[in-house]
Amino acid sequence: MSTPQTTPARPPLGGDSSARIAALIDDRLRDVPDFPERGVLFKDIAPLLADGPAWHDTMAELGRLARSAGRVDLVAGVEARGFLVAAALAGELACGLLPVRKAGKLPPPTIRREYALEYGTAVIEMPSGPLAGRRVYLVDDVLATGGTLRAAAELIEQAGGEIAGIGVLLELSFLGGRAALGGYRPQALLTL
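Residues numbered from 1 in each chain as written. Predicted model: local features only at pLDDT ≥ 70, side-chain atom pairs only at ≥ 80, totals over all residues. Heavy atoms only, no water.

A.B. asks: Help me understand the overall build of the chain in this model?
C.D. replies: Counting its regular elements, the chain contains 6 helices and 9 strands. Relative to a compact globule of 192 residues, whose C-alpha radius of gyration would be 16 Å, the chain shows 17 Å and is just as compact. C-alpha extents for the chain along the principal axes are approximately 55 × 40 × 35 Å. Counting over 192 residues, the chain shows a buried share of 44%. Accessible surface computed for the chain: about 9,600 Å², of which carbon and sulfur atoms make up 54%. Averaging the coordinates of the 20 positive side-chain charges in the chain and doing the same for the 22 negative ones gives two points 3 Å apart. (Helix = DSSP H or I, 4+ residues; strand = E, 2+ residues; numbered from the N terminus. Rg over C-alpha atoms; globule rule 2.2 N^0.38 Å. Buried < 20%, exposed > 50% of the residue type's maximum accessible area, 1.4 Å probe, protein only. Areas by Shrake-Rupley, 256 points an atom, 1.4 Å probe, with all protein chains shown as cover. Lys, Arg positive; Asp, Glu negative; His and termini not counted. Charge placed at Lys NZ, Arg CZ, Asp CG, Glu CD.)

A.B. asks: It is not clear to me how the environment of Leu143 should be interpreted in this structure. Could you clarify?
C.D. replies: When you line up the elements, Leu143 lands in strand S7 (residues 135-143). A relative accessible area of 1% places Leu143 in the buried class.

A.B. asks: Sorry if this is basic, but what is going on with helix H5 (residues 147-158) here?
C.D. replies: Each α-helix winds once per 3.6 residues, and so residues spaced three or four apart point in a common direction. Taking 1.5 Å as the rise per residue, H5 with 12 residues should run 16 Å; its terminal C-alpha atoms sit 16 Å apart, in good agreement. Of all the residues in H5, the buried ones are Gly147, Thr148, Leu149, Ala151, Ala152, Ala153, Leu155 and Ile156. Turning to H5, the residues buried within the fold contact strand S3 (74-78), strand S4 (96-102), strand S5 (110-117), strand S6 (120-127), S7 and strand S8 (162-171). Two residues or fewer after H5 comes Gly160, characterised by a positive phi angle close to 95 degrees. (Expected span 1.5 Å × (residues − 1). Contact = heavy atoms within 4.5 Å.)

A.B. asks: Whenever I open this one, the nonpolar core confuses me. Can you help?
C.D. replies: Within soluble globular proteins, side chains that are nonpolar tend to cluster in buried spots. One finds Leu62, Val75, Leu89, Tyr137, Val139 and Leu169 to be the most contacted residues of the largest nonpolar core, which totals 31 residues. Contributions of two or more residues to this core are made by helix H1 (17-27), helix H3 (52-68), helix H4 (81-93), S7, S8 and strand S9 (186-191). The biggest single contributor to this core is H3, with 6 residues. Ranked by size, the runner-up nonpolar core spans 25 residues in total, among them Val78, Leu98, Ile111 and Ile163. (Core = buried A, V, L, I, M, F, W, Y, C linked by side-chain atoms within 4.5 Å.)

A.B. asks: Is there a simple way to think about the packing of H3 against H4 in this case?
C.D. replies: Packed helix pairs are specified by the crossing angle of their axes together with the interaxial distance, meaning the distance between the axes. The geometry of H3 relative to H4 is characterised by a closest axis approach of 9 Å and an angle of 70 degrees between their N-to-C directions. When the axis of H3 is compared with that of H4, the two are roughly perpendicular. Between H3 and H4 lies a crossing of right-handed hand. Residues Trp55, Met59, Ala60, Leu62, Gly63, Ala66 and Arg67 of H3 pack against Leu84, Val85, Ala88, Leu89, Glu92 and Leu93 of H4. Its residues placed into classes, the contact of H3 with H4 shows 10 nonpolar, 1 polar and 2 charged. (Axes fitted to C-alpha atoms, helices over the stretch in contact; angles between N-to-C directions. Parallel < 35°, antiparallel > 145°, perpendicular 65-115°, else oblique. Left-handed = near helix turned anticlockwise from the far one by under 90°. Nonpolar A, V, L, I, M, F, W, Y, C, P; charged D, E, K, R; others polar.)

A.B. asks: Is there a simple way to think about the pattern of salt bridges in this case?
C.D. replies: Pairs can form between side chains of opposite charge whenever their charged atoms are close. One pass over the full model with this rule turns up 16 salt bridges. Close ionic contact of Arg20 with Asp57 constitutes a salt bridge, the shortest N to O distance being 3.3 Å. You can see Arg20 sitting in helix H1 and its partner Asp57 sitting in helix H3, a full 37 residues away along the chain. According to the relative accessible area criterion, Arg20 is partly exposed, its value standing at 24%. (Salt bridge = Lys/Arg side-chain N within 4 Å of Asp/Glu carboxyl O.)

A.B. asks: What's the story with the sheet that holds S4 in this structure? I'm lost.
C.D. replies: With respect to topology, 7 strands assemble into an open sheet ordered S5-S6-S4-S3-S7-S8-S9, the strand pairing being mixed. Only two strands of the sheet have a single neighbouring strand rather than two, namely S5 and S9. For this sheet, the mean angle separating the axes of adjacent strands, direction not counted, is 25 degrees. Note that S8 and S9 share 5 bridges and pair parallel. (Pairing = 2+ DSSP bridges.)

What follows is the structure, given as C-alpha cells:
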C-alpha cells in the first residue's frame, strides 16, 4: 500500500510577498556564462520552472501585479521563455493568450517588427488580427536591454490593443532596458 504524497505547506502570499518572491526567484536562477554568445551572462530560469511550489507562488505574485493594472483580456508572451510565463499567467488570470513569435513561425497574415538585442538584432511577429478594445498584459522572463518588449508592445498597439502593463520575472537594471521602454512602465518581481 502506497502512501499519498502531499505538497509541504508554504507560507501564504500575504504580507511582504514581493520580497519573499524576489528571494525565491533569486535563489532559483542559474548563471550560464558566455551564452548565447561570448561575454553574455545568461540567467537561466529552468530551476525555477522545475520547482512546482516556487513556480506556483511566482505566478500568483505576477498575477497580483497584473490584476493591479485593471482588466486584462489577454496575456502576451514573447518567444520562447516568455511563452512559459504567459501561459501560466493566463491560467492564473483566466484569460486568453497571445503569442509573439520569432519571424517565420506563425501562419500569415502577421505583422512584424525588427529590434536590437544586447548581442545582435532579431525580428518578431504576431497574428495581424485586430485587438481593438482588448487590454493586453505583456510578459517575458527577463528585461535586459528592452528591445524585445518594446517591439512586442508596439506590435500590440499597432494591432489596436492597449498595453495594460508589462511584467517580467527578472530585470537586469544595469542594461538600461527600463529606459529603452520609454513610456511603458514594466513591473519586475526581481531586479538585479
